[in-house]
Number of protein chains: 2
Amino acid sequence: MRTDLSKKFGIEYPIFGFTPSEHVAAAISRAGGLGVLGCVRFNDAEDLDAVLTWMDENTDGKPYGVDIVMPAKVPTEGASVDLNELIPAEHRAFIDRTLEQLGVPPLGDDAARNEGVLGWLHSVARSHVDVALRHPIALIANALGSPPNDVVVQAHEHDVPVAALAGTAEHARRHVENGVDIVIAQGYEAGGHTGEIASMVLLPEIVDAVGERASVLAAGGIGSGRQVAAALALGAHGVWMGSTWLTAAEYRLGARHEGKPSAMQEALLTATSSDTVRTRIYSGKPARLLRTKWTDAWDKPDAPNPLPMPLQNILVSEAHQRINEAENPEVVAMPVGQIVGRMNQILPVADIVAELVAGYESAVDRLVELR
Amino acid sequence: MRTDLSKKFGIEYPIFGFTPSEHVAAAISRAGGLGVLGCVRFNDAEDLDAVLTWMDENTDGKPYGVDIVMPAKVPTEGASVDLNELIPAEHRAFIDRTLEQLGVPPLGDDAARNEGVLGWLHSVARSHVDVALRHPIALIANALGSPPNDVVVQAHEHDVPVAALAGTAEHARRHVENGVDIVIAQGYEAGGHTGEIASMVLLPEIVDAVGERASVLAAGGIGSGRQVAAALALGAHGVWMGSTWLTAAEYRLGARHEGKPSAMQEALLTATSSDTVRTRIYSGKPARLLRTKWTDAWDKPDAPNPLPMPLQNILVSEAHQRINEAENPEVVAMPVGQIVGRMNQILPVADIVAELVAGYESAVDRLVELR
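Because the structure is predicted, anything quoted here is derived from the model rather than measured.

### Focus on the sheet that holds strand S11 (residues 287-290) of chain B
In sheet architecture, strand pairing relies on hydrogen bonds along the backbone and comes in two forms, parallel and antiparallel.
All names here are of chain B.
Right, on to step 1. As summarised here, the arrangement of the three strands in space is S7-S11-S10, forming an open sheet in which the pairing is antiparallel. The open sheet has two free edges, formed respectively by strand S7 (192-193) and strand S10 (276-279), since each of these has just one partner strand.
Right, on to step 2. Pairing of S10 with S11, which is carried by four bridges, proceeds in the antiparallel orientation. Its bridge partner lying in S11, Thr276 is registered against Leu290.

Pasting the structure below:
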């Protein structure tokens, strides 16, 4: 499973693992892949700095990357207090009513309110970039289109390659023109923001569209070694996986009781590949989420239309906190791909990576035998 | 590209090609795959008999199959004249208004009205089975769920294996319990009736669900040799392709001028992978179609909800005839998968198969080099 890309990064396998958990990200890098830490949850750049320092100390000198959300078309100014004014009362009333119906209690008086959107503002994203570049990061990825040109230039000045998600060949071409080094081909089946074209079709289209100008990672539907082999057969230079790590033993985010899976993880462990939905309720743009009573509520006739990005994320931010603290597996707000149907046990990252490698080898063996 | 399945069928490549055109089906069989003739367009069993006799004479003794639509839940009795009474006037008015707006003229007085649904009734489907079994067919496929048990028994008495489409692992398990020999894993990206789970996720799920009890064909997103390699890496025993053959040189169905592509083919040749839509307007069940002004019209606020199967097909049957005769590439009613983005030239079937084989070999070579 050695590709030009894995050699370039000095990693054992071209497995790029996106996760908001530093514990998971570090474990992916230690296991021979490239852990990519999602930074959107850090509203305060100093918190991110501290976590990246922890990464530096816990990756055994192996490379790791960061994912910073840099949307092209959101307000560059304004704190959440201003944006809040743009949210209709009808939307807030729907959320209060829905959470009450679903038995999700309000936050306690002492709970710090998550301000949600801040990590999605340009000013915050840029402070993330500045902080990250003070650490020995191997990659900056942007989960929403091409990063702004000055960020690409800044990253390249530090010899850090830049990756961006694409849902069509046209997106991919634009990324390459904007200086992006690695295109992440995000198929319909992927968790989080995703387009309509499935990986089997999208991946070779993007590989052909970018040619020698960029490397391509396959994202969407990758959770086992067979799928890694399929992705490389389709021309990818590696894979980008996000969902799979949510049920890694090292994942500790979210309310939980020591030694037990969180309510979110319990929901993922029992879900089938039919239990996801592509919806705008998470961020305002279409994103694939686990289907739960929360997503169902937004499909009902009395539900308002989701707001545009970034307002929808501000709108649901406190709801997400309440849902997390309620710890009910039937009411979960979590992006995840169709691969959730195969996430059926809590496994250490090292075991997940070992299966990816062994499964890949078996799949290639099988193809060789069929010749 | 030799699998147990290709050996069992005595074919060179495990490439199963579904097409309503006998010219294409015969060419697929002659090129080393298995041509599977779609029978739903034959309302009269004698017409089917004549075409199968033509197949017998034009396949150089190579095996071929038939696809007969046998829905589990449609009326077993009643001619179109009875079913017609169940169609609301509002729906007919919408179609008349829409076709007028799109500049699609009425049928001439001498045009034979296509009765549309008849091939979808049990009585007609059974007559298709009876006729087909008088020919040396190698496969009976059902594009809509498991065939009725007595049809499976009848086919097996003639040593003819039975295939059925599945959109979930649960469908696949049910097919196997009903005696189906080959499960066709139909991913979200496929043309025609399709579910929500994309091939990258669906295919290994179905392979694991049926185990040794049945063979599995990959359908949805397969149009090149790389995709065949990906499908076999995911555990498929072969591939099932439908869309690709619509732009084969041998395809002659539909209104056309000698030596030129039809309006439908022109539309397919210029479409991208983003130009399809999954909708109930073709048959009443979700099916992926080329996105055109016709499908757009059904998305507008004044459009009625599609009727259940089989009423929707009766409703649109004459519209489909009118659209065909109008020969406008912007107004087309045609099921096709997302692979349409790569169907960019009219090619002989033999050339398409040659690319599938060569592309497959290159993909496997690449995987071997990466070891």
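### Focus on the sheet that holds strand S7 (residues 192-193) of chain A
Residues and elements named next belong to chain A.
Right, on to step 1. What the three strands build is an open sheet, ordered S7-S11-S10; its pairing is antiparallel. The sheet is open, and its two edges are formed by S7 and strand S10 (276-279), each paired on a single side.
Right, on to step 2. In the sheet, S7 pairs with strand S11 (residues 287-290) via two bridges, with the strands oriented antiparallel. Within S11, the residue paired with His193 across the bridge is Ala287.

### A word on the relation of the copies chain B and chain A
Right, on to step 1. When chain B is fitted to chain A, the best match, at an RMSD of 0.0 Å, comes from turning it 180 degrees and sliding it 0.0 Å along the axis. The relationship between the two copies is best expressed as a two-fold rotation axis. The C-alpha atom lying nearest the rotation axis in chain B is that of Ala230 of chain B; the distance is 2.0 Å.
Right, on to step 2. Mapped onto chain A, 98% of the interface residues of chain B are again interface residues, and the two copies thus contact each other with one and the same surface.

### Some words on the interface of chain B and chain A
Right, on to step 1. Contacts between the two partners involve 46 residues from chain B and, on the opposite side, 45 residues from chain A.
Right, on to step 2. It is Met200, Leu367 and Arg371 of chain B that lose the most area in chain B upon contact with chain A, and together they represent 18% of the buried surface on that side.
Right, on to step 3. Linking chain B with chain A are eight salt bridges.
Right, on to step 4. Arg226 of chain A is the salt-bridge partner of Asp208 of chain B, the closest N and O atoms lying 2.9 Å from each other.
Right, on to step 5. Where chain B touches chain A, the interface holds 25 residue pairs in polar contact (both at pLDDT 80 or more).
Right, on to step 6. When contributions to the side of chain B that touches chain A are tallied by element, the ones reaching two or more residues are helix H9 (199-210), helix H10 (225-233) and helix H14 (349-369) of chain B.
Right, on to step 7. Broken down by element, the side of chain B that touches chain A gets its largest block of residues, eight residues, from H14 of chain B.
Right, on to step 8. Among the residues forming the side of chain B that touches chain A, the class breakdown is 23 nonpolar, 12 polar and 11 charged.

### A look at the domain arrangement of chain A
Residues and elements named next belong to chain A.
Right, on to step 1. Here chain A is described as being made up of domain 1 (1-76 + 121-250 + 364-371) and domain 2 (80-116 + 257-347).
Right, on to step 2. Using only C-alpha atoms to locate each centre, domain 1 and domain 2 end up separated by 24 Å.
Right, on to step 3. Taken together, the contact pairs 27 residues of domain 1 with 27 residues of domain 2.
Right, on to step 4. Summed over both sides, the interface of domain 1 with domain 2 buries roughly 1,900 Å², with 59% coming from carbon and sulfur.
Right, on to step 5. Viewed at the interface, domain 2 and domain 1 are joined by one salt bridge.
Right, on to step 6. The closest approach of N and O atoms between Glu196 and Arg278, which form a salt bridge, is 3.9 Å.
Right, on to step 7. The tally of links between domain 1 and domain 2 comes to 12 residue pairs in polar contact (both at pLDDT 80 or more).

What counts, and at which threshold
Residues numbered from 1 in each chain as written. Chains lettered and ligands numbered in written order. Predicted model: local features only at pLDDT ≥ 70, side-chain atom pairs only at ≥ 80, totals over all residues. Heavy atoms only, no water. Pairing = 2+ DSSP bridges. Helix = DSSP H or I, 4+ residues; strand = E, 2+ residues; numbered from the N terminus. Least-squares fit on C-alpha atoms with pLDDT ≥ 70 in both. Contact = heavy atoms within 4.5 Å. Buried area = accessible area lost by both parts, 1.4 Å probe. Salt bridge = Lys/Arg side-chain N within 4 Å of Asp/Glu carboxyl O. Polar contact = N/O pair within 3.5 Å; in protein donor to acceptor, adjacent residues only side chain to side chain. Nonpolar A, V, L, I, M, F, W, Y, C, P; charged D, E, K, R; others polar. Domains from an automatic or database assignment.

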